[in-house]
Amino acid sequence: MIDVYEITDEGYHFVETLTFEGELKEDGNEDKITPKLESIGDCTIIYVTAIGGSAAARLIKKGVTPVKARSEEEEISEVLNKLVKTLKGNPPPWLRKALQPKTTNFADEIEDEATV
């Protein structure tokens, strides 16, 4: 499951919970990430407790920045409140870059279609 939130420098609100079916456990199956990538393509940042290098690379290529949580015990409300506070102040360079509008070029679109 993935919880989606809309975040601005004014605050945040819950949008939806994305759920996935099938054999999607951590088992070395690269195809398990495809439905997740497709469902979060319009997100800017995704907080994860764990992520493999291949999945991280695919996210970055789609313009989604993966951020590893400090611990599994970290509450999402803490993460969201810190992000809102950061957006109000002076966001670090990685966050400013992540917030830039996503651009795709023809070559990226062709490659994405070829991998489907």
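Every chain begins its residue count from 1, and numbering advances along the sequence as written. In keeping with the predicted nature of the model, local features appear solely for residues at pLDDT of at least 70, side-chain atom pairs appear and are counted solely at 80 or more, and the whole-chain, interface and lining totals rest on all residues. The side-chain quantities take in all heavy atoms of the structure and omit both hydrogens and water.

Visitor: For this particular structure, what's the right way to read the nonpolar core?
Guide: When a protein is soluble and globular, its nonpolar side chains tend to lie buried together. What makes a nonpolar core is a set of buried Ala, Val, Leu, Ile, Met, Phe, Trp, Tyr and Cys residues whose side-chain atoms join them at distances within 4.5 Å. Whether a residue is buried, partly exposed or exposed follows from its accessible area with a 1.4 Å probe, protein chains only, as a fraction of its type maximum: under 20%, in between, or over 50%, in that order. Among the nonpolar cores identified, the biggest contains twelve residues, and these are Ile 2, Val 4, Leu 18, Ile 33, Leu 37, Ile 40, Cys 43, Ile 46, Val 48, Ala 55, Leu 59 and Val 64. Counting five residues, the second-largest nonpolar core is a separate cluster that includes Val 67, Leu 83, Leu 87 and Leu 95.

Visitor: Which parts of the structure should I look at to understand the confidence of the model for the protein?
Guide: The predicted structure's coordinates, where accompanied by low pLDDT, should not be read in detail. When pLDDT is averaged along the protein, the result is 80, and 78% of the positions lie at 70 or above. Confidence scores differ between elements of the protein, with helix H5 (residues 106-115) showing the lowest mean pLDDT of 56 and strand S2 (residues 11-18) the highest of 92. Per-residue confidence from the predictor is given as pLDDT, running between 0 and 100. Only DSSP runs of H or I with at least four residues qualify as helices, and only runs of E with at least two residues qualify as strands; both kinds are numbered from the N terminus onward.

Visitor: Would you explain the packing of aromatic side chains in this entry?
Guide: Two aromatic rings are characterised by how far apart their centres lie and by the angle between their planes. Any Phe, Tyr or Trp ring, taking Trp's six-membered ring, that has another such ring centre within 6.5 Å forms a pair; planes under 30 degrees apart are called stacked, those over 60 apart edge-to-face, and the others tilted. Inspection of the entire model under this criterion finds two aromatic pairs. Ring geometry for Tyr 5 versus Tyr 12: centroids 6.0 Å apart, planes at 75°, classification edge-to-face. Take Tyr 5: its relative accessible area is 24%, and that puts it in the partly exposed class. Look at Tyr 5 and Phe 14: their rings are 5.6 Å apart centre to centre, the planes differ by 75°, and that puts the pair in the edge-to-face class. On the accessibility criterion, Phe 14 (44% relative accessible area) is partly exposed. Among the aromatic residues, ring-to-ring pairing joins Tyr 5, Tyr 12 and Phe 14 into one connected group. Taking the ring centre of Phe 20 as reference, the NZ or CZ of Lys 36 above it sits at 6.0 Å. Only when the NZ atom of a Lys or the CZ atom of an Arg is both within 6 Å of the ring centre and within 35 degrees of the ring normal do we say a charge sits over the ring.

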